[in-house]
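Residues per chain are reported as follows:
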Amino acid sequence: MTKTKKLINAPEDIIPEFIEGLVGAYPDLLCVEGGTGRAVVAKNGPRDGKVGIVIGGGSGHEPAFAGYVGRGLADAAAVGNVFASPSPEQILDAGRAADGGAGVVFLYGNYTGDVLNFTMAAEDLAAEGTPVRHIAVTDDVASAPRERIGERRGVAGDFFVFKCAGAAADRGDDIDTVEAMARLANERCRSMGVALGACSLPQTGKPNFEIGAEDMEIGMGIHGEPGMRRTRLETADSVVDTLMAPILEELALAAGDRVAVLVNGLGATTQLELFVLFRRVRKILGEKDIAIHNSWVGEYATSLEMAGASITLLKLDDTLTALLDHPCQTPALSVGAAGDIAPAGKRSARVVKEGAKAQAIDRASLKDSGAITPVLFVTMMDAIADAIRDKQNWLSELDGVIGDGDHGVTMNIGWSAVKVELDNREDDAVIAETCETIAHAFLTAVGASSGPLYAGAFRHAASAVSDRLNLDPAALAAWIRGMSDGILSRGGAKPGDKTMIDAWVPAAEAAEKAAGEGADEAGVLTAAVKAAKAGMDYTATIESRRGRSAKLGARSVGHVDPGAASAFVSLEAMLNALQSSKA
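Conventions adopted
- Residues numbered from 1 in each chain as written.
- Predicted model: local features only at pLDDT ≥ 70, side-chain atom pairs only at ≥ 80, totals over all residues.
- Heavy atoms only, no water.
- Pairing = 2+ DSSP bridges.
- Helix = DSSP H or I, 4+ residues; strand = E, 2+ residues; numbered from the N terminus.
- Axes fitted to C-alpha atoms, helices over the stretch in contact; angles between N-to-C directions.
- Contact = heavy atoms within 4.5 Å.
- Expected span 1.5 Å × (residues − 1).
- Buried < 20%, exposed > 50% of the residue type's maximum accessible area, 1.4 Å probe, protein only.
- Arc of directions from axis to C-beta.
- Parallel < 35°, antiparallel > 145°, perpendicular 65-115°, else oblique.
- Nonpolar A, V, L, I, M, F, W, Y, C, P; charged D, E, K, R; others polar.

(A) Highlighting the sheet that holds strand 11 (residues 291-298). Taken together, the 6 strands give an open sheet; going across it, the order is 9-8-7-12-10-11, and neighbouring strands pair in mixed fashion. The sheet is open, and its two borders are formed by strand 9 (229-232) and strand 11, each paired with just one other strand. Neighbour-to-neighbour, the strand axes of this sheet turn through a mean angle of 20°, independent of strand direction. This element, helix 5 (residues 175-187), spans strand 7 (189-197) and strand 12 (307-316) of the sheet and lies at about 55° to strand 7. Of the strands in this sheet, strand 7, strand 8 (215-218), strand 9 and strand 12 are in contact with helix 6 (residues 236-251), which crosses strand 7 at around 160°.

This is the structure:
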């Protein structure tokens, strides 16, 4: 596979360096606030009495999302890693910066990781006393049938939903109205895309997927998720006809209607091509006597260096037209003259409530039977981190076939953060405290879907062994069950959905059975590893029903789920570390 080239320094530094460059290029418009360094905030946006607008998602889609921060649009953006949702802490930083006392509205694409992380952040922000609403954009007609519209992805339609919600907030609407305007724009917005060539993650330098030199993929997502079908490359007019047909049908456009048009490049498509595409869009609409009120042609929601384009239509009424025409000033989009932008309003400092402090643990009251001590448990966690690092390319390759190709990268980011935290831990930390530390590391560093899922797993596991100093076979089985239950409680997947659950649930069942039959700690883990391996292999035989790969249907059969694979790798690493400690 060909190695791709990028103008970067270290891959792990690309996001902070991007943010530094963006804010440095627009010092009159943007700044960074919050401890995570991932909340890009409008200097002339948040103000007292105004509903705050927070947008966000993974990087790699520039100018989305931080490019739409500014007066009249978004007050703040939470910036995730490449193709990975921002974490709850990063979103909280953006939410607190945007809060003017009238509530905050979160806007993001409808992806599992974004939904999980923004939901967790909304819960935390609401617990601090801020009213929060959140809307997942669902404009991609290719990603699910109309009767399952709630499962659709958010793609370039973000552009219109963000613009309308930002305008409503800027003109002083209350939070109910701002939410209603965002939902109205989402309901009347449809997109469809085509990909001609792959993109590549900075960490891997490999194309996310393969496509023939004469082929194109209709309906591909903005992370490289497979689309509706792959076919031979057609002319620009034929491609536009294909993309426009379902959009026109779903919006029920008729003579006399008005629309806004976005012809969006995915990263490597030239302006020459994009305007050729727009020419055909304009002709189709003109023949149907549908008026174009506004049009934008260029790169507005990209996919790194992917070759391809998308078409988005917003069906207008007087309400949406007024919101679309409302002035704004951001790095990526300006509407109206500079004189139309109102001066900055008053912005009071926000006071954040302190969270509850952790209760001290009485070590003397903990049960100390069992071979897995707190020190050995940390060694086992370090072994997972090393195994995930060694297997990250394999895990990403698995994910590239049925997802967006970042699972190995994301898991390695999480476990690398865990290693740093464990190196700085208290020497007398017990296993439950170590699990809480790991959960916090995942939530802070990862985002994506893996962050909240594994944070939930380790928190449940911590609770399951909160009365233990050491782990005996029964306690080890309870810990594995806690991991499984934590993922189930947060993610909503069930066995047979082709997720990490298909490895964790059988591993927990096998561990409990082995412990009940008198196995020692190594025997319990051996049973769990065998069951996880069988569960991982089983995922190759079934269709995916959850996450991005669920859009593939039968095309997902024959491929192992990367989440199940990383679960197996983790349990196997724990077993190897335990066996090595006895050698």
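Having seen the structure, we can now continue with the description.
(B) Geometry of helix 1 (residues 14-25). An ideal rise of 1.5 Å per residue puts 16 Å on 12 residues; helix 1 measures up with 16 Å between its terminal C-alpha atoms. The complete set of buried residues in helix 1 reads Ile15, Ile19, Leu22 and Val23. All buried residues of helix 1 lie within an arc of 90° about the axis, which places them on one face of the element. Exposed side of helix 1, more than 90 degrees from the buried face: Glu20, Gly24 and Ala25 are the residues found there. Along its buried surface, helix 1 packs onto strand 1 (30-33), strand 2 (39-42), strand 3 (52-59) and strand 4 (76-82).

(C) Summary view of the packing of helix 4 (residues 158-170) against helix 8 (residues 318-325). Two elements in contact, helix 4 and helix 8, have axes whose closest approach is 8 Å; the angle formed by their N-to-C orientations is 85°. Classed by the angle they form, the pair helix 4 and helix 8 counts as roughly perpendicular. Taken together, the residues of helix 8 that come into contact with helix 4 (itself represented by Phe160, Lys163, Cys164, Ala167 and Ala168) are Leu320, Leu323 and Leu324. Residues of the contact of helix 4 with helix 8, tallied by class, amount to 7 nonpolar, no polar and 1 charged.

(D) Region of interest: the sheet that holds strand 4. In space, the 6 strands of this open sheet follow the order 1-2-4-3-5-6, with mixed pairing throughout. On the outer flanks of this sheet lie strand 1 and strand 6 (132-137), each paired with one strand and no other. For this sheet, the mean angle separating the axes of adjacent strands, direction not counted, is 25°. Contacts between helix 5 and the sheet are confined to strand 3, strand 5 (104-109) and strand 6, with strand 6 contributing the most and set at about 5° to the helix.

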